[in-house]
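# Examining the three-dimensional arrangement
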Amino acid sequence: MLVADYDIVFQEVPDETTLALNISDCPHHCPGCHSSYLWQPVGDELTQEWLLVQLERYPYITCVSIQGGDRDYHEVERVAQWVHEHGKKTCWYTGFKQMPHNLQLRHFDFVKVGPYIEALGGLKSKTTNQRFYRVEHPAGHTDADITMENATLIDCTELFWK
Ligand code: SF4
């Protein structure tokens, strides 16, 4: 999985200071895509070592958001697990219409689902098809298998409309 570039952002995940990793080789090719440079496989391999360097460089971040990576969502899970192990929250921005049914949601605190449809707009548009969810982790069950079948997802998309 390749990181094309990254940034510290404040709006992609409400109330969090987020290191957003833009993953390249996006398979979706949405018409009107705002980041078509991510269609090609460009950037640095997202290794645990690379990530640790960033976490040490930006110790004040509270969350890491993986923006893409849909070609291998098990790799996205692994990265999210590393991030959790270092005490930060995790988010995944996926262009899938629905999350993979066997995604291990225990590694995620937030997920954004849905391709970009130009006529409907992105998350900031009230007509958007995209949804932003907070993943509820049941108290006392942090190691439980939380999947699409048993997860509690709180739709927080409205937070982007204020
Ligand atoms: S999922 Fe995102 S990066 Fe990929 S084509 Fe669609 S808008 Fe562009």
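Quick note: structure is the one above.
Definitions and cut-offs
- Residues numbered from 1 in each chain as written.
- Predicted model: local features only at pLDDT ≥ 70, side-chain atom pairs only at ≥ 80, totals over all residues.
- Helix = DSSP H or I, 4+ residues; strand = E, 2+ residues; numbered from the N terminus.
- Rg over C-alpha atoms; globule rule 2.2 N^0.38 Å.
- Buried ≥ 20, exposed ≤ 12 C-beta atoms within 10 Å, placed from the backbone.
- Near = placed C-beta within 6 Å.
- Nonpolar A, V, L, I, M, F, W, Y, C, P; charged D, E, K, R; others polar.
- Expected span 1.5 Å × (residues − 1).
- Arc of directions from axis to C-beta.
- Contact = placed C-beta atoms within 7 Å.

Attention now moves to the overall build of the protein chain. Scanning the protein chain from terminus to terminus reveals 2 helices and 8 strands. Along the protein chain, helices (α) and strands (β) appear in the sequence β-β-β-α-β-α-β-β-β-β when read from the amino end. The globule rule puts the C-alpha radius of gyration for 162 residues at 15 Å, and the 15 Å found for the protein chain is close to it. With respect to the three principal axes, the spread of C-alpha positions in the protein chain is 40 × 35 × 30 Å. Looking at the protein chain as a whole, 31% of its 162 residues are labelled buried.

Below, the discussion takes up the site of the ligand. Near the ligand, the surroundings consist of Cys26, His28, His29, Cys30, Cys33, Ser35, Leu38, Gly68, Gly95, Pro115 and Tyr116. Of the residues contributing to the shell around the ligand, the split by class is 6 nonpolar, 5 polar and no charged.

So, on to unusual backbone geometry. Residue Asp15 is not a glycine yet carries a positive backbone phi of 70°. Here Asp15 shows up in the loop between strand 1 (2-9) and strand 2 (18-23).

Another point: helix 2 (residues 73-85). An ideal rise of 1.5 Å per residue puts 18 Å on 13 residues; helix 2 measures up with 18 Å between its terminal C-alpha atoms. Taken together, the buried positions of helix 2 are Val76, Glu77, Val79, Ala80 and Val83. Down the axis of helix 2, the buried side of the element spans an arc of 165°, and every buried residue falls inside it. Across helix 2 from its buried face, at more than 90 degrees, point the exposed residues His74 and Glu85. Contacts made by the buried residues of helix 2 are with helix 1 (48-57), strand 4 (63-67) and strand 5 (89-94). With its phi angle positive at about 80°, Gly87 sits one or two positions after the end of helix 2.

It is worth stressing that arrangement in space is one thing and function is another; only the former is reported here.
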